[in-house]
Protein chains: 2
Amino acid sequence: MRCGNGIEARQVDELFINIDPIQAGGRLTADAMKAVVAYGDGYSVCDNCRKPNRLDYISKPPIAEFHKDVAAWLNMDAVRTVPGARRGFQAIAQTYVNKGDPVLVTSLSHYTEFLAVEEAGGVAREIAANDRKIVTPEATAAKIEEVKKEFGRAPVLAFIDQVDYQYGNMHDVGGIARVAHQYDIPVVCNGAYTVGILPVDGKALGVDFVVGSGHKSMAAPAPSGILAATAERGKEVFRTTLIEGDITRRKFGIKEPEMMGCTLMGVTLVGMMASFPHVKERTKHFDRELENNRIVMEALLSIEGTACLSEYPRKHPMTRVDTTASFDTVAASHKKRGYFLQSALEEKGVTGLIPGATKVWKFNTYGMTRRQAGHLADAFVAIARENGLAVRG
Amino acid sequence: MRCGNGIEARQVDELFINIDPIQAGGRLTADAMKAVVAYGDGYSVCDNCRKPNRLDYISKPPIAEFHKDVAAWLNMDAVRTVPGARRGFQAIAQTYVNKGDPVLVTSLSHYTEFLAVEEAGGVAREIAANDRKIVTPEATAAKIEEVKKEFGRAPVLAFIDQVDYQYGNMHDVGGIARVAHQYDIPVVCNGAYTVGILPVDGKALGVDFVVGSGHKSMAAPAPSGILAATAERGKEVFRTTLIEGDITRRKFGIKEPEMMGCTLMGVTLVGMMASFPHVKERTKHFDRELENNRIVMEALLSIEGTACLSEYPRKHPMTRVDTTASFDTVAASHKKRGYFLQSALEEKGVTGLIPGATKVWKFNTYGMTRRQAGHLADAFVAIARENGLAVRG
């Protein structure tokens, strides 16, 4: 089936259990699907835009209310929507980082934080994760001191991934923020893997900003996300425009330069809004997600030679495993070579593994039913047995 | 009908002829509607992302091909998609503008160009439109000389709206670019009202950049747009990342800092792609749009006291009129006051007029059938007659 010139209709999540590490949290809810159909047109949310003419003031559809609700939900003071978490990082970096300024990231930071630092002219300095791939407050303190020696001043900003994209490990953002604040460094909690997945309380973490991703973790179309700030920091990043036309003397009201004015004018925003009640609810049942992950991980770990590279027990369902001493030993002699695992999984109705991966790979059990988790667990074990790998128990 | 908590299903373009000035070019095509349903999920286009792992390299769906096709269509060398034209302006401003640098805009420039200049720390200097609300090469030359006197150097960049948002007037971007290039000033053609509406040839215009808006003029969901560059300028704005992790020594491949990596990961991009063949085709029939606009404008101008504030005959269907001496004289004594015109239009199946507008307002006939244009023309005349205004002919 095609939906346009050369564009096949996508049916990945309709036909398969999808273990792709980044796609699970961004699958639309049924309400978001309806919203996408109703608000597909370009400027669809602007029908009732009235003075002061800014997206977050529109009350029909209830965009203004959504902004307030998200702020309350994250226990932060001010929220804006952005075209992806990365655009939140960019807005913050452009506000605080000048040419040559040191900025803290971590050795597990997402590349978009590096790009935000680079675009602002800053210099990235990584806080080292420890042997268990965890970034700690102690390592943060050490790095800040190191930066002070190198640059003669403290970093101007810190981006900390609450759950990192490499291991899906949970880092002590609250403890890190306390250390950073001793040096007056504003702290961004990168919640791309947490906001919309598990409960996040910005004030409890003590961070200056919480950034979330709509298409990664809030069941929303791309590109979408949220940038939440404390009242104090909101005044800085969400400052209103001061520029003026030299001839016309035009000013531009309450538009915000770091937001480039209005941000998500249609389907992305309404999709995020329609999913929001469901997203709020699902974060309350995050324990079920960890339980599903445990079922799959126990199956994987029962296959001799398989190791979990992420912290274990898991605190997030996105997980990195090492099957070099299990599935990869099969690849060497299998007629499909490294593609055998992906192929065998697809035969069992599972997709989302990187083609050719048999050594180190990531998967995500997020959003599965208990039955799907059981099926996936059984699939891994069956594929192992079919290929002569030893399975315990 | 609702599509989520408090979100009413939008049916504006299903139930009415919509004359909103900014919405007409962003209505989805049927193929885009199908694409929106099939690719609603967050990271929907990333199923087949392979090395070098960048959005514009994905071949299934045919994203790479789309990028090439758009570049060829605009007669430019390199194209990227962006979350709205404004994000294209931002990328360009961040590349060329340093703190305190003068940047040319026009007295009719869109506010997002000002915000891009402001965010980059630049100083906006407007080229004055003439009495006919047209920005000319002569005025550009005069302004550049004025800037040179004021700043001791030429502007570092020029944003020129090919068709402006205030009057929908067509400006001589080619002539302006020739003048600007005598001073080595890169020129951005803001095609938010033209790319996807009428034929645009970047090389013929001689500009360095062409920026288009998906949700404004390419029948795509928001936020979406394109940034096209010459080969030379593409190397500057689409430069790849150089930043490196100081501990991990990580580099980030061919990701582009001004794009913040990948840009449109799902529905926005596929919507734009699905509409693209139709959008290409419709630009070839732009004469029909002007003819529809003429039918409506002649009706409006037959109402005594009505004036066209845009250039006339029209070169674009988005038009600004002054009805202070016609419809506004009715508002003074009508029981619905200034809302009578909007109300009367809605009774005749027409929506999109700003509520309360009876003095100076904009409308757009883009995308109407000949019959709809005739209906709209008749509606204006009938409302005038019903309210005792004199109508010629």
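Please read these numbers as outputs of a predicted model, since none were measured by experiment.

Scoring rules and cut-offs
Residues numbered from 1 in each chain as written. Chains lettered and ligands numbered in written order. Predicted model: local features only at pLDDT ≥ 70, side-chain atom pairs only at ≥ 80, totals over all residues. Helix = DSSP H or I, 4+ residues; strand = E, 2+ residues; numbered from the N terminus. Rg over C-alpha atoms; globule rule 2.2 N^0.38 Å. Buried ≥ 20, exposed ≤ 12 C-beta atoms within 10 Å, placed from the backbone. Pairing = 2+ DSSP bridges. Right-handed = clockwise from strand over helix to strand, strands pointing away. Contact = placed C-beta atoms within 7 Å. Nonpolar A, V, L, I, M, F, W, Y, C, P; charged D, E, K, R; others polar. Arc of directions from axis to C-beta. Least-squares fit on C-alpha atoms with pLDDT ≥ 70 in both. Domains from an automatic or database assignment. Axes fitted to C-alpha atoms, helices over the stretch in contact; angles between N-to-C directions. Parallel < 35°, antiparallel > 145°, perpendicular 65-115°, else oblique. Left-handed = near helix turned anticlockwise from the far one by under 90°.

### Observations regarding the overall build of chain A
Argument step 1. Along its length, chain A carries 15 helices and 12 strands.
Argument step 2. Its C-alpha atoms give chain A a radius of gyration of 23 Å, near enough to 21 Å, the size a compact globule of 393 residues would have.
Argument step 3. For chain A, the spread of C-alpha atoms along the three principal axes comes to 75 × 55 × 35 Å.
Argument step 4. When burial is assessed residue by residue, chain A has 59% of its 393 residues classed as buried.

### Regarding the pairing of strand β6 (residues 187-190) of chain A
All names here are of chain A.
Argument step 1. Residues Val187 and Cys189 point to one face of β6 and Val188 and Asn190 to the other, with burial holding for every one of them.
Argument step 2. Pairing between strand β5 (residues 158-161) and β6: four bridges, direction parallel. Within the sheet, the bridge partner assigned to Phe159 lies in β6 and is Val188.
Argument step 3. Note on the crossover from β5 through helix α7 (residues 173-181) to β6: the handedness is right-handed.

### Description of the interface of chain A and chain B
Argument step 1. If you look at the interface, chain A gives 81 residues, while chain B gives 81 residues.
Argument step 2. Within the residue set of the side of chain A that touches chain B, elements represented by two or more residues are α1 (12-15), α2 (30-38), α4 (85-96), α5 (111-119), β4 (123-127), α9 (214-217) and α11 (267-283) of chain A.
Argument step 3. Its residues assigned to classes, the side of chain A that touches chain B shows 41 nonpolar, 22 polar and 18 charged.

### Some details on helix α7 (residues 173-182) of chain B
Residue pairs three or four apart in sequence face the same way in an α-helix, which turns once every 3.6 residues.
All names here are of chain B.
Argument step 1. Considered for burial, the residues of α7 that qualify are Val173, Ile176, Ala177, Val179 and Ala180. The buried residues of α7 all sit within an arc of 165° when viewed along its axis, so they share a single face.
Argument step 2. The inward-facing, buried residues of α7 abut α6 (137-151), β5 (158-161), β6 (187-190) and α8 (202-205).
Argument step 3. In the stretch just after α7, Asp184 is the one whose phi turns positive, near 60°.

### Comments concerning the relation of the copies chain A and chain B
Argument step 1. It takes a turn of 180° to lay chain A on chain B, together with a shift of 0.0 Å along the axis; the resulting RMSD is 0.0 Å. The symmetry that links the two subunits is that of a two-fold axis.
Argument step 2. When the interface residues of chain A are mapped onto chain B, 100% of them again lie at the interface, so the same face is used by both copies.

### Quick look at the domain arrangement of chain A
All names here are of chain A.
Argument step 1. As far as domains go, chain A holds domain 1 (12-23 + 285-386) and domain 2 (39-283).
Argument step 2. Contacts between domain 1 and domain 2 engage 12 residues on the former and 15 residues on the latter.
Argument step 3. Sort the elements by how many residues they give to the side of domain 1 that touches domain 2 and strand β10 (residues 318-322) lands first, with three residues.
Argument step 4. In terms of residue class, the side of domain 1 that touches domain 2 is built from five nonpolar, four polar and three charged.

### Remarks on the environment of Arg2 of chain B
Residue and element names in this part refer to chain B.
Argument step 1. Among the secondary structure elements, Arg2 is positioned in the segment before α1 (12-15).
Argument step 2. In this structure Arg2 comes out as partly exposed when scored by C-beta crowding, with 13 C-beta atoms within 10 Å.
Argument step 3. Along the primary structure Arg2 and Leu341 are separated by 339 residues, whereas in three dimensions their C-alpha atoms are 29 Å apart.
Argument step 4. Those residues within four positions of Arg2 in sequence are excluded, and the remaining contacts are Ile7, Glu8 and Ala9.

### Re the sheet that holds strand β12 (residues 360-364) of chain A
Residues and elements named next belong to chain A.
Argument step 1. Read across the sheet, three strands follow the order β9-β10-β12 without closing on themselves; strand pairing throughout is antiparallel. The open sheet has two free edges, formed respectively by β9 (307-308) and β12, since each of these has just one partner strand.
Argument step 2. With two bridges joining them, β9 and β10 adopt antiparallel strand pairing. Bridged to Cys308 within β10 is Val321.

### What to know about the sheet that holds strand β9 (residues 307-308) of chain B
Residues and elements named next belong to chain B.
Argument step 1. The strand order β9-β10-β12 describes an open sheet built from three strands, whose pairing is antiparallel. Whereas interior strands pair on both sides, the edge strands pair on one side only; in this sheet they are β9 and β12 (360-364).
Argument step 2. Note: strand β10 (residues 318-322) against β12, five bridges, orientation antiparallel. Counterpart to Met318 in the pairing with β12 is Asn364.

### With respect to the packing of helix α2 (residues 30-38) of chain B against helix α11 (residues 267-283) of chain B
Residues and elements named next belong to chain B.
Argument step 1. Put simply, α2 and α11 touch, their axes get as near as 8 Å, and they point 155° apart. The angle between the axes of α2 and α11 places the two elements in the roughly antiparallel class. Handedness of the α2/α11 crossing: right-handed. The segment α2 lies against α11, with Asp31, Ala32, Lys34, Ala35 and Val36 engaging Val267, Val270, Gly271, Ala274, Ser275 and His278.
Argument step 2. A class-by-class count of the residues in the contact of α2 with α11 yields six nonpolar, three polar and two charged.

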